[in-house]
Amino acid sequence: MNINITKYYYGDIPEEKGGGNTAKTESTANWPLWEVFIRSKQGLDHKHVGSLHATDAAMAIENARDVYTRRMEGISIWVVESKYIHASSPDDAAAFYEPANDKVYRHPTFYDLPDELKHM
Amino acid sequence: MSVQELEKIFQQKIDQEIKIEPKDWMPEAYRKTLVRQISQHAHSEIIGMLPEGNWITRAPSLKRKAILLAKVQDEAGHGLYLYAATETLGTSREQTMDDLHSGKAKYSSIFNYPTLTWGDIGAIGWLVDGAAILNQVMLCRTSYGPYSRANIRICKEESFHQRQGFEILLVLSQGTPEQKAICQDAINRWWWPSLMMFGPKDGESTHSEQSTIWKIKRKSNDELRQQFVNMIAEQVKILGMTLPDADLKYNEQTKNYEFGEIDWNEFWNVVKGNGPCNKQRLDTRRKAHENGAWVRAAAEAHSAKRAARKQEQAKVA
């Protein structure tokens, strides 16, 4: 049996000869970058999920909803403009966290207690 | 500290499976490789919307339209996760977009093939997304933190894409003789380009070796390709269709499906810009960006107005 399938070139093959449009696109001013934090349900912390560009906070929140909560992943959104985030430096990490390094007595396992001792 | 020492510490971290984060020291070449790979990945998500977008208005039912619309929207989101990951490496979003629009940056060649029938939308979901998923599952464990996290997010969303594609074909495969023919025809046209998605053979892949040492990649092109063939060769039986490869056969000893030679001429041709739709895709993408200029301008005007109003209210109060 000979079956004819109709094939549509709609949108896929250039209507005119597809001469490349080489016009340079205009450069709008760079919109600020925002970091997005989402609370997935009541009782949990907001957690960093990613970042996006937006003109202001209201737009950043709306975009964050569209990008990061399409499947009900959140019930609350925080956005912070990235430039306001200050971070510790990875290069200084060793010295920076050194004070905690020799204080094993801060951990419960440091204390050697008899096995008979219950509920502690 | 000397560069050699820094490089040694860097490689030790990688060997110990410690992820590299944006502010950590990294070799320039590592940064460059990531920028190239992640932005290519991002561009593929964005250009990938076009062949499917062509079918949103022509999908056969309201249900299929809604599903396809959701899928294409997901791809835009995936593009954004990846662009954001590129930015953590110190490349601006604008630069990355400009490189796409000028034709300097590449994207996956698969999207330079046309979508001619509804069956193609099924084949893209099943084969193209199927191939992409194998790659992205591997990339969830990549050594660069932001890229790894983007892939984890993508993989969570992507499995619906593959399942909806297979379901489209399943329905066609149980339909009229014409629908069955559409199903087989779509598989025939998308099979070989899907195999090409994994890139050149291991021996001929330029970036592979270093990327493996840096644990950007964890499986070779040929390994992933074989995994894909093994998977699809079984799944196609459920459709009652065949793959267009006379040499395809199961090898009892290796437990792998052997397959025929890929047409690498075609592969390089499409990569170099001579595929059926290369020009069309870039033109459409540029046009979309240009036509969106007024939306961006309006958004800026709107937030300026909002800020002014706020100031006004503050004065009154």
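A. Structural context of unusual backbone geometry. Positive phi is not limited to glycine here, since His119 of chain A has a value of about 55 degrees. By the element assignment, His119 of chain A lies in the segment after helix H2 (93–96). Residue classification places His119 of chain A among the exposed positions, given a relative accessible area of 84%. The phi dihedral of Lys215 of chain B is positive, around 55 degrees, even though this residue is not glycine. As for its position among the elements, Lys215 of chain B is in the loop between helix H8 (208–213) and helix H9 (221–239).

B. Representation of a nonpolar patch on the surface. Among the surface-exposed residues, Val104, Tyr105, Phe110, Tyr111, Leu113, Leu117 and Met120 of chain A lie close enough to one another that they form a single nonpolar patch of about 770 Å² accessible area. In this structure, Tyr111 of chain A sits in the segment after H2.

C. Focus on the side chain of Thr117 of chain B. With respect to the helices and strands, the residue Thr117 of chain B is situated in the loop between helix H4 (93–101) and helix H5 (118–139). Look at Thr117 of chain B and you get buried, because its relative accessible area is 2%. Contact partners of Thr117 of chain B, with chain neighbours within four places excluded, come to Ile5, Thr6 and Lys7 of chain A together with Trp55, Ile182 and Arg189 of chain B.

D. Here's a closer look at the environment of Ala317 of chain B. Considering the arrangement of structural elements, one finds Ala317 of chain B in the segment after helix H12 (293–316). Sequence-wise, Ala317 of chain B and Asn230 of chain B are 87 residues apart; in three dimensions their C-alpha atoms are separated by 70 Å.

E. Just the packing of aromatic side chains, in detail. Residues and elements named next belong to chain B. In this structure the tally under the stated criterion is 15 aromatic pairs over all chains. Ring centres 5.4 Å apart and planes at 90 degrees place the aromatic pair Tyr30 and Trp214 in the edge-to-face group. With a gap of 184 residues between them, Tyr30 in helix H2 (residues 28–53) and Trp214 in the loop between H8 and H9 connect regions that are remote in the sequence. Taken individually, Tyr30 and Trp214 each receive the classification buried, so the pair is uniform in this respect. Each ring, one from Trp264 and one from Phe267, has its centre 5.3 Å from the other, and the planes form 85 degrees; the classification is edge-to-face. A residue pair is termed a helical-turn pair when its members lie 3 or 4 positions apart in one helix, as Trp264 and Phe267 do in helix H10 (residues 264–274) at three residues. With respect to burial, Trp264 and Phe267 carry one shared label: buried. An aromatic cluster is built from Phe10, Trp25, Tyr30 and Trp214, whose rings are joined through pairwise contacts. Sitting over the face of the ring of Tyr81, Arg153 holds its NZ or CZ atom 5.8 Å from the ring centroid.

About the cut-offs
- Residues numbered from 1 in each chain as written.
- Chains lettered and ligands numbered in written order.
- Predicted model: local features only at pLDDT ≥ 70, side-chain atom pairs only at ≥ 80, totals over all residues.
- Heavy atoms only, no water.
- Helix = DSSP H or I, 4+ residues; strand = E, 2+ residues; numbered from the N terminus.
- Buried < 20%, exposed > 50% of the residue type's maximum accessible area, 1.4 Å probe, protein only.
- Patch = residues over 30% accessible without salt bridge, like charges linked within 9 Å, V, L, I, M, F, W, Y side chains within 5 Å.
- Areas by Shrake-Rupley, 256 points an atom, 1.4 Å probe, with all protein chains shown as cover.
- Salt bridge = Lys/Arg side-chain N within 4 Å of Asp/Glu carboxyl O.
- Contact = heavy atoms within 4.5 Å.
- Phe/Tyr/Trp six-rings, centres within 6.5 Å; stacked < 30°, edge-to-face > 60°.
- Lys NZ or Arg CZ within 6 Å of the ring centre and 35° of its normal.

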